[in-house]
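Architecture at a glance
One letter stands for each residue in the lines below.
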Amino acid sequence: MTKVICTVDKIQPLTSGVHQVLLTPQQEVQFKAGQYLQLCITDQDKRPFSVASIPGQQQLELQIGGAVADQYSGQALAHLQSNDTVTVEVGLGQAFWREDSHNPILLLAGGTGFSYVYSIAQAIAAAGVKRPVFLYWGVRHEEALYHMPELQQWASAHHDYRLVPVVQSPSDNWQGRSGLVHQAVLEDFVSLEAYDIYIAGPFPMVGVVRDAFLEQGAKREQMFADAFAYI
Ligand SMILES: Cc1cc2nc3c(=O)[nH]c(=O)nc-3n(C[C@H](O)[C@H](O)[C@H](O)COP(=O)(O)OP(=O)(O)OC[C@H]3O[C@@H](n4cnc5c(N)ncnc54)[C@H](O)[C@@H]3O)c2cc1C
């Protein structure tokens, strides 16, 4: 873990509820795709956020918000908006991408849990991984989907990469999958035994997913989520 001061370069809305934050660390930082950082609001008040960017990129990207505007993200954003520099602790978490594994990969995000799987998806593309990769992203409304051009480019870069957005309460115009994101996975996979599964999203979702996926054959030691430590 590295504690570092970062310059706040940019804060801009990605959707009506989610902001993209770009930070430049004032010294080199080490982290792995899928790890998180803690924004130090005070010495005692530290809030975890997944790093959406990958090692080697100059800026650290965060995606902060969610469907329910809460104090957790609102106070963090207010701190970022009112300071030119902030202190963060980078390189935290055990749910990072297992680059050496040869298993097919399932990435599952609920809401802003997307930040976590986006980092892993970019790392997979950068490493030229030639294994089946499925990225399922669940949101409440289709307006909550962002970075779609980048994701579609990611999916078209290799025929083994598949992108499945799943909208819980879609409008009449939505032509994709609907319902809860993990239900879409359960419908699509007879067994999850072979897969390395990376999960991020609201804590209640992660608990439901863990139990349902274990029932569908997933191996516990091949399931990764930092939320497991909190639930
Ligand atoms: C290590 C760590 C990192 C974090 N990183 C971030 C971050 O980068 N950004 C951030 O804003 N917050 C982060 N958080 C806080 C928290 O995880 C988010 O606030 C949360 O993921 C926000 O979800 P949402 O409101 O976007 O999802 P929602 O809009 O509530 O849900 C999105 C989808 O998830 C599924 N879902 C939701 N609830 C359930 C359920 N009960 N059962 C089944 N499916 C469900 C549905 O498909 C739903 O459409 C982090 C927390 C930790 C511990």
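Residues numbered from 1 in each chain as written. Predicted model: local features only at pLDDT ≥ 70, side-chain atom pairs only at ≥ 80, totals over all residues. Heavy atoms only, no water.

It is worth spelling out the sheet that holds strand β11 (residues 196-200) at this point. In spatial order, the strands read β10-β9-β8-β7-β11-β12; together these six strands make up an open sheet with parallel pairing. Of all the strands in the sheet, just β10 (177-178) and β12 (223-224) have a single pairing partner and so form its edges. Two strands pair when backbone bridges link them, and β11 and β12 are joined in this way by two bridges, in the parallel orientation. Along β12, the bridge assignment pairs Y198 with F224. (Pairing = 2+ DSSP bridges. Helix = DSSP H or I, 4+ residues; strand = E, 2+ residues; numbered from the N terminus.)

Before going further, it helps to examine a nonpolar patch on the surface. On the surface, F203, Y230 and I231 cluster together to form a nonpolar patch covering roughly 300 Å² of accessible area. Considering the arrangement of structural elements, one finds Y230 in the segment after β12. (Patch = residues over 30% accessible without salt bridge, like charges linked within 9 Å, V, L, I, M, F, W, Y side chains within 5 Å. Areas by Shrake-Rupley, 256 points an atom, 1.4 Å probe, with all protein chains shown as cover. Salt bridge = Lys/Arg side-chain N within 4 Å of Asp/Glu carboxyl O.)

A word on the packing of helix α2 (residues 114-127) against helix α3 (residues 148-156). When two helices pack together, their arrangement is given by the angle between the helix axes and by the axis-to-axis distance. Interhelical geometry of α2 versus α3 gives an angle of 40° and a closest axis separation of 11 Å. The orientation of α2 relative to α3 falls into the category oblique. α2 and α3 meet at a crossing whose hand is left-handed. Seen from α2, the contacting residues are F114, Y118, A121, Q122 and A125; seen from α3, they are E150, L151 and W154. (Axes fitted to C-alpha atoms, helices over the stretch in contact; angles between N-to-C directions. Parallel < 35°, antiparallel > 145°, perpendicular 65-115°, else oblique. Left-handed = near helix turned anticlockwise from the far one by under 90°. Contact = heavy atoms within 4.5 Å.)

It is worth spelling out the site of the ligand at this point. Neighbouring the ligand are 28 residues, the closest being Q63, G65, T112, R140 and Q168. One of the backbone N or O atoms of S50 is found 3.0 Å from an oxygen atom in the ligand. Take Q168: an N or O atom from its side chain is 2.6 Å from an oxygen atom of the ligand. Contributing elements (two or more residues each) for the shell around the ligand: β4 (46-50), β5 (60-64), β8 (133-139), α4 (181-188) and α5 (203-215). (Near = heavy atom within 4 Å. Polar contact = N/O pair within 3.5 Å; in protein donor to acceptor, adjacent residues only side chain to side chain.)

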